[in-house]
Amino acid sequence: MEAVGHLLHRIWLFFFLFWLGQGRRMAPPGFVESSCRSRIFWMKLNKLLLQGKFFQLEIYDPYSGPVLLDEQLASRCGYVLSEDVWGNPVFRASVLGCHVANEADELFSLTVNIKVSSFSSMRAAVTYTYPMYCSYASWASREIVCEENYMEVSVKTDVPAVSNDYTVAWMSALPETQNVAYQQWQLMFVSPSGRKRITVSDAVKLGYSFNNSLSRVYLRAPYHSNESDVSVVSGVTMNMITSTSMYRQRWLLLLIDTTVSCPVDGISFTNTTLTWTVPRVIPTLVVQESTFLSKSIVMGVDDQVIVNPEEMNYLLEYNETHIRITIPTGAEGGKLESSISGGVYGVTYCIDLFLEHTWTDADWQTTKYTVIKSITTPFMPQMPTVINNTAPEERLFNVALGHFLPDVSLVAITVGNVPFSLREAQHHGFKIYETPFSNGTKAFILEVSFDDPYVLREYVNRNETKYTLLVNYTLSVGLEMMLYYHSAEVECVIADIVVPEAVGSCDEENLYLTLPTFGLHQYWDLYLGNKLLNRHLALTNGYLAATNSTHLILQIPLFAGGLIYEEVSFQKIKARFDVALRKVRTMETLQMFSISCSFNSSAFIICNPDGTIMVSAQMKTVPAIDMSKTKLRDSSCKPKEYNEAHAFFKFHVTTCGTSVRFEGDHIIYENEISYEKETLPRQSIPTITRDPDYRLTVLCYYQAKETLVLGAFSRDPATSPPFGSGMMFPRSNTAAYRRVRQALNVVSRVSKDESFMEFYGPSTAILKQPMESVFLEVELKDESPSVELYLENCWVASSPDFNSNPRWNITVDGCEINGSEFAAEFCPVPVSPRVRHPPHFKRLAVRTLAQQLEQVYVHCLVAACSPTNAQPGSTCRGQCISSRERKGFPGHPSDSLQGYVLAGPVWIVAPDRR
């Protein structure tokens, strides 16, 4: 009869499969792969053939038709739907699953419908029917499967009942079995809360699945149910269900131990490995440990057994208490995936493992224990590396950004501040490509020419250029295509600049300087002392400049400004012209060009920056005079050299009766060469002389700011002001009288705040924000306590040049002016240890209202006088005089001493640049 039953079952299965083929599509080749491994169906879908479409699985029930697979059905019926490490959908099913056709516990079949649609609602879905078959006859007495979402235990029905250690407990529970219905399976759960007996149908409602086949009884349970318990075995947390399956007939009471226990953790990680630990002996499953004997321990990846783990760098080891599998991060069989966490690039590693442990003991003969585990490491940050392979000899940046996994792609770059898509970058001339590495990673290569307009250039050292490539990469990371940004800065310094060499020459009246124009004003400028030698200065000093396609030719007349006179006599003049080649950005002096020549000149006046005046006077009288008897205003100042036609004088502006006066923005020093007449003996009146009248006025003009800002003449050629301009003219005894005024000794400084206690040093940068005040203090030094200092006219300019434009007045005639760009306000000056005479100080708060200026200078013309002796209309009547009051008095020559001060530069910067 049993053979006939088997035959009828096979015939029914044939007709069932024939019916399935009617009106159903078979899966396309390569779309589905399946296998049967250790009584588990394995089915994998090819994600590439899914083409990003939606899919669902239906389990075909031979009796009720297709059933949609969901989470609840999966855990109760022994199904798992997940993905492998490559993203391919994976379906696993126990051969004891709810809808599996079972033939004598040896042949098993399961049919799955795969529904594929382009829409999430699954409308217009195409259904592929896929049958699977599994042959499994080598059942152990007890088999336990620990899947991702369920625990399953199956035992042979001829296995002895409950173990001896539980005999007392179960015998005390035997009266409970009297209530078991005839010919109906019931379950008894034992947990810390007590015993619980339920029917199979009630167990199904709680998520359990219980059934029996021809020779086996099996129980399938979800993790962490109310009837489960948690214990720790050898450091590993286990989820355990202690249960007994009961069946009663009149002459028989069958009790079967269906206890199951599965690990729920045991995973640990290092920077380079992951380790999975499972207890070797589980007390709830092995009661008599002394009889325990391991028969085999094998591991696998996906559905494949790894026969020689060491060949794949896996480590499978075990001892008396543990079984441990160690996998290097990135090992074959798993997959590294790129990810972004908190804006940081990193990777995770995932691998699907299983472990099969077969043992024997006195109670159960043979137990086959299978655990399936999908493991993913925590996020591991990986800082990308910028590799500079720049080739200076080719003038080419070659920058590699790596190492990245294959799931990272470059989508855009920004060079300088200009964004480029990859197509735009290639069209512009950038070369972008990938290079692979032996470990499976890759790098992105970017090649950019040094001469590309988006490469920054900076002149450095003496003859070198620093090329800087600023690039920001935009990358798409992982399957989620998250954007990741990484910036790189690469520099290369090469000697590709030729420093110019100047050539000098002279003729009878001029000096000439010739130098190449390459790099001029781009890398370096010419400086005369501390002034930029530009077209304006050249014209002011009387130079002639000419350029061609390659060179600049500068003609410097003998008596032009800026010359240094090394030797001066009435026989010859040795003149030198020095010009400095300075870097544009740093002002560092790179090279000095100097031309020195000797000239013959009969009459001249030279006004030196240090205040020395040299005059060669020529005799132009009839009759002739004795030039040795000429003198300056101070009769003790005689000629240094002379001959019949010339007399040579050399004196300082502070000696020999030299007077000083102001005219506009110039200081004029004046002296006079005269002749001591010989007279006849005084026998009668009037006096008789035969000598002609000889007077020669000597004038030297200096820029007021060049002298007074320094307070004293400097002897440092690099910082000294330019030469003054001089002139000589004859003058009669009846020349108009000129009032002489002396120059003031005044200084200016900028305070750090309104307290005027701490000041900026001469080499300290003064940085101010718009609307922030600049606190200026002007001090009169070395004057009588009765003298008071006044600020006549003050203005702000963007240049230190006295005559620069535009300028903005902040005080006029001693009165504050509030304009649209600047506002000024006088500050009080109290007595302090530093301020003994407050009248010698003036303080001014200047507030910047303009936004367009980057640096400013404050200029002030000042005066000092005694207010008690001031005449109407003069500055000395007070710090501020109204225009009406000033017009009400006639103008009188001022008795005040005058001067000039300059403060700055003050840098006006945005708040984020302070």
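As a reminder, the structure under discussion sits directly above these lines.
Treat the numbers as computed from the prediction; the structure is a model and nothing was measured.

Each value, and the rule that gives it
- Residues numbered from 1 in each chain as written.
- Predicted model: local features only at pLDDT ≥ 70, side-chain atom pairs only at ≥ 80, totals over all residues.
- Heavy atoms only, no water.
- Pairing = 2+ DSSP bridges.
- Helix = DSSP H or I, 4+ residues; strand = E, 2+ residues; numbered from the N terminus.
- Axes fitted to C-alpha atoms, helices over the stretch in contact; angles between N-to-C directions.
- Patch = residues over 30% accessible without salt bridge, like charges linked within 9 Å, V, L, I, M, F, W, Y side chains within 5 Å.
- Areas by Shrake-Rupley, 256 points an atom, 1.4 Å probe, with all protein chains shown as cover.
- Salt bridge = Lys/Arg side-chain N within 4 Å of Asp/Glu carboxyl O.
- Contact = heavy atoms within 4.5 Å.
- Core = buried A, V, L, I, M, F, W, Y, C linked by side-chain atoms within 4.5 Å.
- Buried < 20%, exposed > 50% of the residue type's maximum accessible area, 1.4 Å probe, protein only.
- Disulfide = S-S within 2.5 Å.
- Phe/Tyr/Trp six-rings, centres within 6.5 Å; stacked < 30°, edge-to-face > 60°.
- Lys NZ or Arg CZ within 6 Å of the ring centre and 35° of its normal.

## Digging into the sheet that holds strand β36 (residues 442-449)
Remark on secondary structure: sheet strands pair via backbone hydrogen bonds, oriented parallel or antiparallel.
Alright, step 1. One open sheet accounts for 4 strands, arranged β31-β32-β36-β35; its pairing is antiparallel. Each edge of the open sheet carries a strand with a single partner, namely β31 (385-388) and β35 (431-436). Pairwise comparison of adjacent strand axes, ignoring direction, gives a mean angle of 25° for this sheet.

## Side note on a nonpolar patch on the surface
Alright, step 1. Together, Val411, Leu483 and Tyr485 give the surface a local cluster of nonpolar side chains, amounting to about 280 Å² of exposed area.
Alright, step 2. Mapped onto the secondary structure, Tyr485 falls in strand β39 (residues 482-494).

## Points about the sheet that holds strand β65 (residues 841-848)
Alright, step 1. An order of β58-β60-β65-β64 is seen for the 4 strands of this open sheet, with the pairing classed as antiparallel. Of all the strands in the sheet, the pair left with one neighbour each is β58 (746-751) and β64 (822-827). Neighbour-to-neighbour, the strand axes of the sheet open up by a mean angle of 25°, direction not taken into account.
Alright, step 2. Looking at chain direction, strand β60 (residues 773-780) and β65 are connected through 7 bridges and run antiparallel. Residue Glu779 lies in a different strand from β65, and its bridge partner there is Phe841.

## Description of the environment of Gln855
Alright, step 1. Examined against the element boundaries, Gln855 turns out to sit in strand β66 (residues 855-865).
Alright, step 2. With 87 residues separating them along the chain, Gln855 and Lys768 place their C-alpha atoms 9.6 Å apart.
Alright, step 3. Once residues lying within four places of it in the same chain are set aside, the contact partners of Gln855 are Ser798, Pro905, Val906 and Trp907.

## Some details on the pairing of strand β27 (residues 335-341)
Alright, step 1. Of the pairings in the sheet, the one linking β27 to strand β28 (residues 344-361) comprises 7 bridges and is antiparallel in character. Across the sheet, residue Ser338 finds its bridge partner in β28, namely Val347.
Alright, step 2. Taking the residues that link successive antiparallel strands as the turn, the β27-β28 hairpin has 2 residues, and the phi of Gly342 there is positive, at about 60°.

## Let's talk about the nonpolar core
Alright, step 1. Judged by nonpolar contacts, the single largest core of 85 residues is most densely connected at Ile327, Tyr369, Phe397, Ile413 and Tyr473.
Alright, step 2. The dominant element in this core, judged by the number of residues it contributes, is β28, at 7 residues.
Alright, step 3. Residues Tyr459, Leu526, Leu533 and Leu563 belong to the second largest nonpolar core, which totals 38 residues.

## Considerations on the state of the cysteines
One way to say it: the disulfide is the covalent bond shared by the sulfur atoms of two cysteines.
Alright, step 1. Under the definition given, this model contains 7 disulfides.
Alright, step 2. Here Cys36 engages in a disulfide with Cys134; their sulfurs sit 1.4 Å apart. Taken together, the residues Cys36 in strand β2 (residues 32-37) and Cys134 in strand β10 (residues 126-135) connect sequence positions 98 residues apart.
Alright, step 3. Residue class for Cys36 comes out partly exposed when judged on its relative accessible area of 32%.
Alright, step 4. In this model Cys637 forms its disulfide with Cys656; the gap between the sulfur atoms is 2.0 Å. The sign of the S-S torsion, about -90°, decides the handedness of the disulfide formed by Cys637 and Cys656: left-handed.

## Regarding the environment of Cys637
Alright, step 1. By the secondary structure assignment, Cys637 is in the loop between β51 (630-631) and β52 (641-642).
Alright, step 2. Taking the C-alpha atoms as reference, Cys637 lies 8.8 Å from Thr655; in sequence the two are 18 residues apart.
Alright, step 3. Residues within four places of Cys637 in sequence aside, it is in contact with Lys631, Leu632, Phe649 and Cys656.

## Some words on the packing of aromatic side chains
Alright, step 1. Counted by the stated rule, this structure contains 27 aromatic pairs.
Alright, step 2. The interplanar angle of 65° and the centroid separation of 5.7 Å between the aromatic rings of Phe31 and Tyr128 together place this pair among those described as edge-to-face. Residue Phe31 is located in the loop between β1 (25-26) and β2, and its partner Tyr128 is located in strand β10; the two are separated by 97 residues in the primary sequence.
Alright, step 3. Measuring from ring centre to ring centre gives 5.8 Å for Trp359 and Tyr369, while their planes differ by 45°; the resulting arrangement is tilted. A residue pair is termed long-range when its members are at least 10 positions apart, and Trp359 in strand β28 and Tyr369 in strand β29 (residues 365-376) qualify at 10 residues.
Alright, step 4. Owing to a relative accessible area of 2%, Tyr369 belongs among the buried residues under this scheme.
Alright, step 5. Members of the aromatic cluster, joined through ring pairs, are Tyr345, Phe404, Phe444 and Tyr484.
Alright, step 6. Its end group placed over the ring of Tyr760, Lys752 keeps NZ or CZ at 5.7 Å from the ring centre.

## Re the pattern of salt bridges
Alright, step 1. A complete count under the given rule lists 29 salt bridges for this structure.
Alright, step 2. In this structure, Lys466 engages Glu491 in a salt bridge whose closest nitrogen and oxygen atoms are separated by 3.9 Å. Of the two residues, Lys466 sits in strand β38 (residues 464-477) while Glu491 sits in strand β39, which places them 25 residues apart along the sequence.
Alright, step 3. One connected set of salt bridges, linked through shared partners, spans Arg749, Glu777, Glu779, Arg834 and Arg843.

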